[in-house]
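# Chains, contacts and geometry: an overview
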Amino acid sequence: MKAVYITGAAGILAAALAFVLIRGGAGDGPAPGDRPEAPPGAPLAAVEMPELSATAQLGRKAFAENCAECHGPDASGRQGSGPPLIHKIYEPGHHADMAIVLAAQRGVTAHHWRFGNMPPVPGLTERELGSIVVYIREVQRANGIE
């Protein structure tokens, strides 16, 4: 197979476009952390709360105890604290369930938003993590994120 090399302005443009697309900056709209009109702690997304399954109810409780301080009680995000998880960036096709689990277990380097790095969340069991994922996914689906 013959190697193809892109050089000059076309190569720089292609590299810049790839960077923007990979980083999530193209077409995502303004980053929630860039809304100076929102007071600190304000929700960053409007979230409709569905009737939850039993597993999602357990996840909601675990989420409230471990995640809501930064991501809001309904995963709507909080100005100055953490991004909304009820957002198209976190749809299953872009952030699989295991990405949510690993974020809680290992922490995450900031890459979509300007909230800084997310530290690991200590003490969550596999069962709690699984129910948190179910909770997030059920709320996402109720809000048109699939």
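Below, the structure is looked at part by part. (Residues numbered from 1 in each chain as written. Predicted model: local features only at pLDDT ≥ 70, side-chain atom pairs only at ≥ 80, totals over all residues. Heavy atoms only, no water.)

## Quick notes on the environment of E65
The criterion, for reference: Helical segments are the DSSP runs of H or I of at least four residues, strand segments are the runs of E of at least two, and each set is numbered from the N terminus. Contacts described as polar in this section are N or O atom pairs within 3.5 Å, which, within protein, must combine one atom able to donate a hydrogen with one able to accept it, while residues neighboring in sequence count only if both atoms come from side chains.
Topologically, E65 is positioned in helix α2 (residues 54-66). Looking at E65, its side chain comes within polar contact range of the side chain of K61, at 2.6 Å.

## Points about helix α5 (residues 126-142)
For clarity, the cut-off: Any helix carries an expected span of 1.5 Å times its number of residues minus one. Throughout this description, buried means an accessible area under 20% of the type-specific maximum (1.4 Å probe, protein chains only), exposed means over 50%, and partly exposed covers the range between. Contacts were defined at the residue level, with two residues in contact if any of their heavy atoms lie within 4.5 Å.
Taking 1.5 Å per residue as the helical rise, α5 with its 17 residues ought to reach 24 Å, and the 25 Å between its terminal C-alpha atoms agrees with that figure. For α5, the full list of buried residues reads L129, S131, I132, V133, Y135, I136, R137, E138, V139 and Q140. Tucked into the core, α5 has its buried residues touching α2 and α4 (97-106). Directly after α5, the chain includes G144, whose backbone phi takes a positive value near 80°.

## Considerations on the packing of α4 against α5
Quick note on the threshold: Convention adopted: a line fitted to C-alpha atoms gives each axis, helices being fitted over their contacting stretch, and angles between N-to-C directions are expressed from 0 to 180 degrees. Every angle not falling under 35 degrees, over 145, or within 65 to 115 is termed oblique; those three ranges are roughly parallel, roughly antiparallel and roughly perpendicular. In this scheme the handedness of a crossing depends on how the near helix is turned from the far one: anticlockwise by less than a right angle means left-handed, clockwise means right-handed.
Running from N to C, α4 and α5 point in directions that differ by 130°, and their axes come no closer than 10 Å. The angle between α4 and α5 places the two elements in the oblique class. Crossing geometry of α4 relative to α5 is assigned as right-handed. Where α4 approaches α5, its residues D97, I100, V101, A104 and Q105 are matched on the opposing element by E126, L129, V133, I136 and R137.

## What about the packing of aromatic side chains?
The line we're drawing: Between the rings of Phe, Tyr and Trp (Trp by its six-membered ring), a pair exists once the centres lie within 6.5 Å; its type follows the angle of the planes, with under 30 degrees stacked, over 60 edge-to-face, and the other angles tilted.
Here the structure, examined in full by the defined rule, presents two aromatic pairs. Seen from their ring centres, F63 and Y135 are 5.4 Å apart, and the 55° between their planes marks the pair as tilted. Of this pair, F63 sits in helix α2 while Y135 sits in helix α5, and the two are 72 residues apart along the sequence. According to the relative accessible area criterion, Y135 is buried, its value standing at 0%. Between Y90 and W113 the ring centres are 6.4 Å apart and the planes differ by 35°, which places this aromatic pair in the tilted class. Taken together, the positions of Y90 in the loop between α3 (68-71) and α4 and W113 in the loop between α4 and α5 put the pair 23 residues apart, joining distant regions of the chain.

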